[in-house]
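Structural features, examined
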Amino acid sequence: MIEIHKKEECAGCSACASICPKKCIKIVEDAEGFDYPKIDLEKCVNCHLCEIICPIKNNQDFPSKTYTLCVQNKNEIIRSCSSAGGVIGAIYQAVFAQNGIVYGVGYDKENIARFMDAESLDDCFKKKLFASKYVSAELDGIFLKVKEEVEIGRLVCFVGLPCQVAGLCSMLNKGYDNLWVIDLTCYGVPSRKLYRKYIEYLEAKYNEKITDVRFRDKMFGYAAPTMTIEFASGKIKSQNCDVKSYLRCFFKDISSRPSCYKCHFKTVDRVSDLTVGDMRSIHKFVEIMDDDLGTTVLYVHNKKGQKIVNSINKYVVTAKILIEDVLSTSGKKMISCPQVNPRREEFFSEIDNLPYIKLTDKYCPPDLSEYLSNVIKSLLKVTGLYKTGVLKALKRR
């Protein structure tokens, strides 16, 4: 049976629970807010399947020669709702054109991120499947649902983090022509418990129900993304230190899963068909695409990945770019892990004892640059100058 001696040895992908023939493995949340397997020893028959398919314990073969493209969706609504260039939306468009089904991360009514299925673009908009979610999503047995749809012959697209895609492919243990697997460049997975406390804090402070959480809002353009919270009344909060507190902890490398600091999946060649990431440095390489509305870098790993690219060509604009140029600029997160904050253990030791904002202000207080950014963005919004691209110009000085 699978044993987790060190927490950095588990990415929480849930493949072990999905493969268990006796259903004796449950995925439970630990004290920090991350998922780990828990085994019912009385039911376990020591078949060792959980160990065999663990993507961390067993390296996967993925013979590929990756190349890269810059991509923008022609549909401006999809691109505006996306964190970058909207290529995931284009892939969804191609899947739906073939009566397929997609699985990605959206929000439920309580703003909890979880894997959901969608069978139309309307479904994707309603479930908010397009933009990035900086939180550990609940898998809810999604691998078995994917397997069921794939085995009846339906075209299925699964979009997840590298560890989740590796777990799915390992659990399936065979390739399927009708399964498109897409992973993301990833910097880490923040604590679900911290995210819940964040939502609860903001709803209590503003005495309103939150209806949308946008981690990479393009209100000020792609070059200057902002964290935005929308409430039931339509009120929007973005230029506030309390709204930015959750992401501040993430980018201070204090709130991510232990395995993220020693990620086993930070490689250029991957088991996925495609990897999707930001191309924030587009202005350096393809000036005509630098419109401040978002550009995606697409890593194409194999023949099926190329087939997917061919299927989305009518939905997107593309430009070739050398993979070396990507990895030296916007693509650094493809291969590099975050460095653990030395106060991380202390931070999580107080997560249940301190009120949310006292916790975040104690360990990750806002600095002068954040206050200045809030003031500048507020002034630009009031005056309407944010529409002129001035922030893009300032960011690139």
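Our structure's up above, just so we're on the same page.
The structure presented is a predicted model; accordingly, all values stated were derived computationally and were not measured. (Residues numbered from 1 in each chain as written. Predicted model: local features only at pLDDT ≥ 70, side-chain atom pairs only at ≥ 80, totals over all residues. Heavy atoms only, no water.)

1. Examining a nonpolar patch on the surface
- There is a patch of nonpolar side chains on the surface, built from L368, Y371, L372 and I376 and spanning about 410 Å² of accessible area.
- Among the residues examined, L368 registers a relative accessible area of 61% and is labelled exposed. (Patch = residues over 30% accessible without salt bridge, like charges linked within 9 Å, V, L, I, M, F, W, Y side chains within 5 Å. Areas by Shrake-Rupley, 256 points an atom, 1.4 Å probe, with all protein chains shown as cover. Salt bridge = Lys/Arg side-chain N within 4 Å of Asp/Glu carboxyl O. Buried < 20%, exposed > 50% of the residue type's maximum accessible area, 1.4 Å probe, protein only.)

2. Description of helix α13 (residues 356-363)
- Within the span of α13, buried status applies to Y356, I357, L359, T360 and Y363. In an axial view of α13, the angular spread of the buried residues amounts to 160°, which keeps them on one side of the axis.
- Lining the buried residues of α13 we find α8 (192-206), α9 (241-251) and α12 (344-349). (Helix = DSSP H or I, 4+ residues; strand = E, 2+ residues; numbered from the N terminus. Arc of directions from axis to C-beta. Contact = heavy atoms within 4.5 Å.)

3. Some details on empty space enclosed by the protein
- Counted under the stated rule, the structure contains three cavities of 30 Å³ or more.
- Space inside the largest cavity adds up to approximately 280 Å³.
- Contributing to the lining of the largest cavity are 27 residues, with A11, L161, C163, V189 and C260 lying nearest its centre.
- Residue contributions to the lining of the largest cavity peak at three residues, all from helix α7 (residues 162-172).
- Roughly 130 Å³ of internal volume is contained in the second largest cavity.
- Lining of the second largest cavity is provided by 17 residues; of these, C10, G12, C13, C16 and C54 occupy positions nearest its centre. (1 Å grid on protein atoms, 1.4 Å probe; cavity = no way out; pocket = protein on both sides within 12 Å on 5 of 7 lines; lining within 4 Å. Points joined across faces, edges and corners; volume = space filled by probe spheres on them.)

4. Some details on the pairing of strand β8 (residues 210-217)
- Counted residue by residue, β8 has six buried out of eight residues, so it is predominantly covered.
- One ladder, built from five bridges, connects β8 with strand β9 (residues 226-231); its direction is antiparallel. Residue pairing for β9: R214 is matched across the bridge by T228. (Pairing = 2+ DSSP bridges.)

5. Side note on the side chain of E32
- Among the secondary structure elements, E32 is positioned in the loop between β1 (25-29) and β2 (35-39).
- For E32, the side chain forms a polar contact with the side chain of R344, separated by 2.8 Å.
- If we ignore the near neighbours within four places in the chain, the residues touching E32 are S191, K193, P258, R344 and F348. (Polar contact = N/O pair within 3.5 Å; in protein donor to acceptor, adjacent residues only side chain to side chain.)

6. Considerations on the sheet that holds β8
- Spatial ordering of the open sheet is given by β8-β9-β10, a layout of three strands whose pairing is antiparallel. Looking at which strands have only one partner, the edges of the open sheet turn out to be β8 and β10 (236-237).
- One ladder, built from two bridges, connects β9 with β10; its direction is antiparallel. Note on β10: the bridge partner recorded for I229 is K237.
- Contacts from α8 reach β8, β9 and β10, with the element oriented near 120° to β8.
- Sheet strands touched by α9: β8, β9 and β10. Its angle to β9, the strand with the most contacts, is close to 125°. (Axes fitted to C-alpha atoms, helices over the stretch in contact; angles between N-to-C directions.)

7. Some words on the environment of C241
- Mapped onto the elements of the fold, C241 is located in helix α9.
- Given a relative accessible area of 18%, C241 falls into the buried group.
- Measuring from C-alpha to C-alpha, the distance between C241 and F143 comes to 38 Å, with 98 residues separating the pair along the chain.
- The contacts of C241, once residues within four sequence positions are left out, are R248, P366, E370, Y371 and N374.

8. Examining the side chain of R257
- Following the sequence through the fold, R257 ends up in the loop between α9 and β11 (274-278).
- For R257, which is buried and forms no salt bridge, the nearest opposite charge comes from D35, at a distance of 6.1 Å.
- Within the local environment of R257, its side chain forms a polar contact with the backbone oxygen of A11, the two atoms lying 3.4 Å apart.
- In this structure R257 touches C10, A11, G12, F34, D35, Y36, V189 and R344, once residues within four positions along its chain are discounted. (Lys, Arg positive; Asp, Glu negative; His and termini not counted.)

9. Section: the nonpolar core
- With 59 residues, the main nonpolar core has F158, Y195, Y198, V213, F215, I229 and Y246 as its most contacted residues.
- With seven residues, the single largest contributor to this core is α8.
- For Y195, the contacting residues outside a window of four places in its chain are Y107, N111, I112, V135, V213, F215 and Y246.
- Within the second largest apolar cluster, 31 residues are counted, among which are L69, I78, I182 and V300. (Core = buried A, V, L, I, M, F, W, Y, C linked by side-chain atoms within 4.5 Å.)

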